[in-house]
Amino acid sequence: VQLQASGGGLVQAGDSLRLSCAASGRTFSTYIMAWFRQAPGKEREFVAGISWSGSSTNYADSVKGRFTISRDNAKSTVYLQMNSLKPEDTAVYYCAVDRDKLYVSVGTSSYDYWGQGTQVTVSS
């Protein structure tokens with residue numbers, strides 16, 4: 001499985017961005033997908049995850065109500081809509097695939113494949 005993340009950029013506080021992650025592989029619709037982020041000097045942290053059908057989602061408390069994860073299985077793509085961005089959202093954002101779980105895990109060790117990351121910078 002190969003993942004290609006895009007959509008990052010430099011924005012001001014309060015702005016919005018939509019990240020995309022396109023996946024290869026014919027079984028995309030069976031994978032749990034998630035977004036993580038890593039700020040300089042910090043550990044990679046869970047942001048949001050979505051079940052294979054899209055019916056179940058999970059969010060970190062820090063982004064609840066501002067970020068929305070979604071997926072289009074026909075396009076093998078997962079999205080992260082980020083609204084009301086804050087300077088503390090600045091990080092490299094990674095998409096990830098979990099092939100084996102039936103639920104969204106928040107731990108990095110659960111995920112089998114990772115995208116290359118896309119930089120999001122929010123200025124105050």
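Higher on the page you've got the structure.
Below, the structure is looked at part by part. (Residues numbered from 1 in each chain as written. Predicted model: local features only at pLDDT ≥ 70, side-chain atom pairs only at ≥ 80, totals over all residues. Heavy atoms only, no water.)

This paragraph deals with the state of the cysteines. Counted under the stated rule, the structure contains 1 disulfide. Each sulfur of the disulfide joining C21 and C95 lies 2.0 Å from the other. Looking down the S-S bond of the C21 and C95 bridge, the torsion is 60 degrees, so its handedness is right-handed. Of the two residues, C21 is situated in strand β3 (residues 17-23) and C95 in strand β9 (residues 91-98); the sequence distance between them amounts to 74 residues. On the basis of relative accessible area, C95 is assigned to the buried category, the value being 0%. (Disulfide = S-S within 2.5 Å. Helix = DSSP H or I, 4+ residues; strand = E, 2+ residues; numbered from the N terminus. Buried < 20%, exposed > 50% of the residue type's maximum accessible area, 1.4 Å probe, protein only.)

The next point concerns the pairing of strand β8 (residues 77-82). Most of β8 sits inside the fold, with 5 of its 6 residues counted as buried. Note that β3 and β8 share 6 bridges and pair antiparallel. If you follow R18 over to β8, its bridge partner there is Q81. Here strand β7 (residues 67-72) pairs with β8 via 6 bridges, running antiparallel. What sits directly across from R71, in β8, is V78. (Pairing = 2+ DSSP bridges.)

What follows concerns the environment of N73. Along the polypeptide, N73 turns up in the loop between β7 and β8. C-alpha separation for the pair N73 and T30, spaced 43 residues apart in sequence, amounts to 9.0 Å. If we skip the residues at most four places from it in the chain, N73 touches F28, S29 and W52. Here the side chain of N73 touches R71 through a polar contact of 2.8 Å, side chain to side chain. (Contact = heavy atoms within 4.5 Å. Polar contact = N/O pair within 3.5 Å; in protein donor to acceptor, adjacent residues only side chain to side chain.)

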